[in-house]
Amino acid sequence: MSKTLADNKGESSTLNDSSFPWKKFWAVKRLAPKIHMFLWRILHDGVGVFSKISKYIEGAPNDCQLCFSEVETVDHLFLRCNLSQLILFASPLSLRIINDGQTSLRSLVSSWLEISDNGQYFCLGASLLWAIWHARNKLVSEKEKININSVINHGLFWFNLYYNDNEDPELSTATGTGHIPVTHRCNPWIPPTTDAVKINIDAAIGKNNSSCAVVARDSQGRFLSAGTSLSAIRNPLVSEAGGFLLAFSLASRMNYNNIEIESDSQSIVRILNGESTRIPWRISRFIEEIKSSASTLGQVTYQSAPREANDAAHKLAKFAVANHVQNWWTSSQPPSCISSILALEAAHFLSS
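What counts, and where the lines are drawn
Starting afresh in each chain, residues are numbered from 1 along the sequence in its written order. Given that this is a predicted model, residues contribute local features only at a pLDDT of at least 70 and side-chain atom pairs are listed and counted only at 80 or more, while totals for whole chains, interfaces and linings are drawn from all residues. Based on all heavy atoms of the structure, the side-chain values leave hydrogens and waters out of the count. A run of H or I in DSSP becomes a helix once it reaches four residues, and a run of E becomes a strand once it reaches two; helices and strands are each numbered from the N terminus. Residue contacts are defined here by distance: any two heavy atoms, one from each residue, within 4.5 Å place the two residues in contact. By definition, disulfides here are pairs of cysteine sulfur atoms that lie within 2.5 Å. Exposure is judged per residue with a 1.4 Å probe applied to protein chains only, and the accessible area is read against the type maximum: over 50% gives exposed, under 20% gives buried, and values in between give partly exposed. Paired strands, in this sense, are two strands between which DSSP finds at least two bridges. Side-chain atoms within 4.5 Å link the members of a nonpolar core, which is a set of buried Ala, Val, Leu, Ile, Met, Phe, Trp, Tyr and Cys residues. Axes here refer to lines fitted to C-alpha atoms; in helices the fit is confined to the stretch in contact. Angles between the N-to-C directions go from 0 to 180 degrees. By the definition adopted for this analysis, an angle is roughly parallel if under 35 degrees, roughly antiparallel if over 145, roughly perpendicular if from 65 to 115, and oblique otherwise. In a left-handed crossing the near helix is turned counterclockwise from the far helix by less than a right angle, and in a right-handed crossing that turn is clockwise. The nonpolar class holds Ala, Val, Leu, Ile, Met, Phe, Trp, Tyr, Cys and Pro. Asp, Glu, Lys and Arg form the charged class, and all remaining residues, Gly among them, are polar. Just so you know, the count uses Lys and Arg for positive and Asp and Glu for negative, and it drops His and the chain ends. Salt-bridge detection follows one rule: a side-chain nitrogen of Lys or Arg within 4 Å of a carboxyl oxygen of Asp or Glu. Between N or O atoms, a polar contact is any pair within 3.5 Å; within protein, one atom must be a potential hydrogen donor and the other a potential acceptor, and residues adjacent in sequence are included only when both atoms are from side chains. Two rings from Phe, Tyr or Trp (for Trp, the six-membered ring) form a pair when their centres sit within 6.5 Å of each other. Planes less than 30 degrees apart are called stacked, planes more than 60 degrees apart edge-to-face, and all others tilted.

Just to check I follow, could you spell out the environment of Ala320 for this structure?
With respect to the helices and strands, the residue Ala320 is situated in helix α14 (residues 311–323). Distance from Ala320 to Ser211, taken between C-alpha atoms, is 6.3 Å for residues 109 residues apart in sequence. Excluding its chain neighbours within four sequence positions, the residues that come into contact with Ala320 are Ser211, Thr228, Leu230 and Val325.

Spelled out as structure tokens, the structure:
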């Protein structure tokens, strides 16, 4: 019995433990006390993950109930689990965890404490870890399905409640820290039907040129490809029409035969769907080319979407015009400027 207790006792957080900055850890005063203690517990492997429970309860599961891919340890639950990684990446932390086996929760938290931002990153990260644990327990005890946005919002609630309650207004203004808004998407991106590819398009107007961008995803919300093009024409409607032609260029390049083209340009979508016969002369040639391109594919549909649901294409178009980027992305790796948007939209879809 004494050996078992010795094998499972927690680590010390005294000043003699030089491997972790405990002075900085306890100096943070803008974090909910229960979350502060919770973080201390998980840093000492002191929470009831299934890898520990299964040692003492015969027949108890030991796999992660969020992903069912590995044994549920503290490091797996908060760092390696695909769902937890998605939450951290889609949150304001935009934290991408590389599964190299080198990063531990202790080293990650330690790195947060070294950031000179008045503890903001540390408090936000801790609040999100708490929210993940809370959602995990709800799933295990009440079979409550995990909603990615709800988990992020729960973490942001606790962060904002304590971080801003203890905030010096003058310090906040000087450092740029403060309230982080709760995420809320009234009109989320909706995936295409099975076997179809959805291509979102948008355009952006710069000082001397314009750009259009296309982003393709499948019915599981997975990124497939993207492209941008630049033009000297600075007319918004013409640039939007050019985006439709760019979508067909992408479909041809990637051999997509069943596509759903989505744009926030309702006027062009209405024309292509035959709901409007009034075609502005500036885009009449584009409309003819779009219809000709559509005839070469098996199935093409056109949909209008609000700006919030077209965020990925919108941000890529703005990036392209600002940085003069004209390129194709044809691997599974998306442009870095929209990777967090894609993760958040995929998270919303998967959790809905």
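I would appreciate a short explanation of the state of the cysteines in the present structure.
What makes a disulfide is a covalent bond joining the sulfur atoms belonging to two cysteines. Applying the stated criterion to the full structure yields zero disulfides. Just so you know, Cys81 is unpaired, no disulfide at all, and the nearest cysteine sulfur is the one on Cys67, 3.9 Å from it.

Just to check I follow, could you spell out the pairing of strand β1 (residues 197–205) for this structure?
Moving residue by residue along a regular strand, the side chains alternate between the two faces of the sheet. For β1, a buried count of eight out of nine residues is recorded, marking the element as mostly surrounded by other parts of the structure. Two elements, β1 and strand β4 (residues 258–263), share five bridges in a ladder whose sense is parallel. Of the residues in β4, the one forming a bridge with Lys198 is Glu260. Sheet topology places β1 next to strand β2 (residues 210–217); eight bridges connect them, and they run antiparallel. The residue of β2 that forms the bridge with Ile199 is Ala216.

Explain the nonpolar core here, please?
If you look at the biggest cluster of nonpolar residues, it comprises 51 residues, and the most contacted ones within it are Leu39, Ile42, Phe78, Val109 and Phe122. A per-element tally of this core places helix α8 (residues 120–142) first, with eleven residues. With sequence-adjacent residues up to four places away left out, Ile42 is seen in contact with Val47, Val74, Phe78, Leu105 and Leu129.

Looking at this structure, how should I read the packing of α8 against helix α9 (residues 148–163)?
Angle between the axes and distance between the axes are the two parameters that describe a pair of packed helices. With their axes 8 Å apart at the nearest point, α8 and α9 run at an angle of 135° to one another. Viewed along their axes, α8 and α9 adopt a mutual orientation that is oblique. The hand of the α8/α9 crossing is right-handed. Here α8 contributes Gln120, Cys123, Leu124, Ser127, Leu128, Trp130, Ala131, Ile132, His134 and Ala135 to the contact with α9, which in turn contributes Val151, Ile152, His154, Gly155, Leu156, Trp158, Phe159 and Tyr163.

I keep staring at the packing of helix α3 (residues 33–43) against α8 and nothing clicks. Help me out?
Remark: α3 packs on α8, axes separated minimally by 10 Å, with the N-to-C direction vectors making an angle of 80°. By the angle class used here, α3 and α8 are roughly perpendicular. Contacts between α3 and α8 involve Lys34, Ile35, Phe38, Leu39 and Ile42 from the former and Phe122, Ala126, Ser127, Leu129, Trp130 and Trp133 from the latter. Tallied by class, residues from the contact of α3 with α8 come to nine nonpolar, one polar and one charged.

Is there a simple way to think about the side chain of Asp117 in this case?
By the element assignment, Asp117 lies in the loop between α7 (105–113) and α8. One buried charged residue, Asp117, remains without a salt bridge, the closest side chain of opposite sign being Arg30 at 8.5 Å. A polar atom in the side chain of Asp117 sits 2.8 Å from the backbone nitrogen of Tyr121.

I tried to follow the sheet that holds strand β5 (residues 299–304) on my own but got confused; where do I start?
By way of backbone hydrogen bonds, the strands of a sheet pair with one another, either parallel or antiparallel. Sheet architecture is open: six strands sit in the order β5-β4-β1-β2-β3-β6, paired in mixed fashion. On the outer flanks of this sheet lie β5 and β6 (328–329), each paired with one strand and no other. In this sheet, strand β3 (residues 223–231) lies alongside β2 in antiparallel orientation, the contact comprising eight bridges. Each bridged residue has a counterpart across the sheet, and for Ser210 the counterpart in β3 is Ser231.

I'm lost on the packing of aromatic side chains in this one. Help?
One pair of aromatic rings is described through two measures. These are the centre distance and the angle between the planes. The final tally for this structure, using the stated rule, is 14 aromatic pairs. Relative to Trp26, the ring of Phe25 has its centre 4.8 Å away and its plane inclined at 90°; by these criteria the two rings are edge-to-face. The class for Phe25 is buried, based on a relative accessible area of 0%. The exposure class of Trp26 is partly exposed, given its relative accessible area of 31%. Ring geometry for Phe38 against Trp130: centres 5.5 Å apart, planes inclined by 80°, an arrangement best described as edge-to-face.

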